[in-house]
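Here is how the chains run, residue by residue.
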Amino acid sequence: MGIRVIKPGMLTTVQDLGRTGYQSQGFNVAGVMDVRSFKIANLLVDNPENEPVLEFTLIGPTLEFTSDTIVAITGGNFNPTINGKPAPMYTAIYMHKGDILKFGSAVSGARGYLSFSSYLKVPTVMGSRCTNMKSRLGGFKGRKLEAGDLILFRIKRRYLPYFLSRTLPVEEMDQESVTLRVVMGPQDSAFTKEGIETFLNSTYTVTNEFDRMGCRLDGPFISSKNGSDIISDGICFGSIQVPAHGKPIILLADRQTTGGYAKIATVASVDIPKLVQRKTDHKIHFQAITVQEAQKLMLAEIEEMDAMRDRIHQPCREVLECRLTAKRIRTLFE
């Protein structure tokens, strides 16, 4: 029982929130690029928040289902079809044995996510099921998917409560220009006042050097005081390095654990999905915020996720209340 890969797409891997706690031993975190889309995909099929999904980039896979299950598709629009007919996004979908789910090229966004109510049967390695392709561990055989791969399910789960209301508004990802909110530092003091102003007041362009490790931007030169080389220190998701060439590089899920270039700023975690859904030649602007503002943004997103969960459950609560009211009315006339 599971899914068979007919076509793997450009880059399809099993991912969760990442393998934390091992950077000191040299293992990068990996995990999903777009945490928001990942969490919504699991929410729609009533999964634990960190249940692994399939993440695919630019060109999606074609999959055959070898048993019944329920799935949800989020992230960029890859024109998904089931047996040749358009499939809805941001909606729980019942898949039958023998169904073919096909994704095309990304119409909007750059990365898509597919969650499964029956849970993918992949091993837990160092506390995570995510794929670390560099170390070849986790996920499905530590690599991206290939034609002919068969991933089994861990459980039989073909029923979900509130099934008909498990749908959310599709999130649009076709913006060609976005503003990323950043917290300055930790080495912003290595740059001149003019360099900081250039960074915050210029338009940068996404280059084709954009993968799970990082995104190199092109644009105006960011001047430093005495060069940007530093003693290597730790790197987090969204760190923005500025090497000697003066152009920013934003480090992402498969980033190295340490780096020797000064980091001018760090992208607020709630805005990283905006970046990872961009394509070559899209435009990026930066806006400085405080740590406290970034924390408030994260809390607001948590509240938004809770509201999504309530939205899924609310229609069924209303139906239940109507039924209870009708039962009380009948009782009065009996």
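Everything numeric in this text was worked out from a predicted model, so none of it was measured.

Colleague: Describe the pattern of salt bridges, naming the residues involved and giving the relevant values.
Modeller: The final tally for this structure, using the stated rule, is 18 salt bridges. We note a salt bridge from Glu209 to Arg216, for which the minimum N-O separation is 3.3 Å. What makes Glu209 partly exposed here is its relative accessible area of 45%. Residue classification places Arg216 among the partly exposed positions, given a relative accessible area of 28%. For Arg212, the salt bridge goes to Asp254, with nearest N and O atoms at 3.0 Å.

Colleague: Explain the nonpolar core to me, and be specific about the residues and the numbers.
Modeller: In terms of nonpolar packing, the biggest core is built from 40 residues, with Ile3, Leu54, Leu101, Leu114, Phe116, Leu120 and Ile151 touching the most fellow members. Only strand 1 (2-7), helix 1 (35-44), strand 3 (53-57), strand 4 (62-65), strand 5 (69-77), strand 8 (93-95), strand 10 (108-116) and helix 4 (291-333) provide two or more residues apiece to this core. When neighbours within four sequence positions are excluded, Phe116 is seen to be in contact with Ile3, Val45, Asn47, Leu54, Phe65, Ile70, Val71 and Phe153. Counting 32 residues, the second largest nonpolar core, distinct from the first, contains Val178, Ile196, Tyr204 and Phe210.

Colleague: I'd like a description of the environment of Lys247, backed by residues and values.
Modeller: Positionally, Lys247 belongs in the loop between strand 16 (239-241) and strand 17 (249-251). When neighbours within four sequence positions are excluded, Lys247 is seen to be in contact with Leu217, Asp218, Gly219, Pro220, Phe221, Gln241 and Val242. There is a polar contact of 3.0 Å between the side chain of Lys247 and the side chain of Asp218. Reaching out from Lys247, the side chain makes a polar contact with the backbone oxygen of Gly219 at a distance of 3.4 Å.

Colleague: Report on the domain arrangement of the protein, specifying residues and quantitative values.
Modeller: Often the size quoted for an interface is simply the accessible area lost on bringing the parts together. We note that the domain assignment places domain 1 (2-173 + 311-333) and domain 2 (177-289) within the protein. Distance from the C-alpha centre of domain 1 to the C-alpha centre of domain 2: 30 Å. Each partner contributes to the interface: domain 1 provides 28 residues, whereas domain 2 provides 17 residues. Of the roughly 1,600 Å² buried where domain 1 meets domain 2, counting both sides, 49% is carbon and sulfur surface. Broken down residue by residue, the surface that domain 1 buries against domain 2 is led by Gln23, Met33 and Arg111, which jointly contribute 35%. Inspection of the region where domain 1 meets domain 2 yields one salt bridge. A salt bridge links Glu55 to Arg212; the shortest N-O distance between them is 2.6 Å. Secondary-structure elements contributing two or more residues to the side of domain 1 that touches domain 2 are helix 1, strand 5 and strand 10. Of all the elements, strand 10 adds the most residues to the side of domain 1 that touches domain 2, at five residues. By residue class, the composition of the side of domain 1 that touches domain 2 is 13 nonpolar, ten polar and five charged.

How each quantity is defined
Residues numbered from 1 in each chain as written. Predicted model: local features only at pLDDT ≥ 70, side-chain atom pairs only at ≥ 80, totals over all residues. Heavy atoms only, no water. Salt bridge = Lys/Arg side-chain N within 4 Å of Asp/Glu carboxyl O. Buried < 20%, exposed > 50% of the residue type's maximum accessible area, 1.4 Å probe, protein only. Core = buried A, V, L, I, M, F, W, Y, C linked by side-chain atoms within 4.5 Å. Helix = DSSP H or I, 4+ residues; strand = E, 2+ residues; numbered from the N terminus. Contact = heavy atoms within 4.5 Å. Polar contact = N/O pair within 3.5 Å; in protein donor to acceptor, adjacent residues only side chain to side chain. Domains from an automatic or database assignment. Buried area = accessible area lost by both parts, 1.4 Å probe. Nonpolar A, V, L, I, M, F, W, Y, C, P; charged D, E, K, R; others polar.

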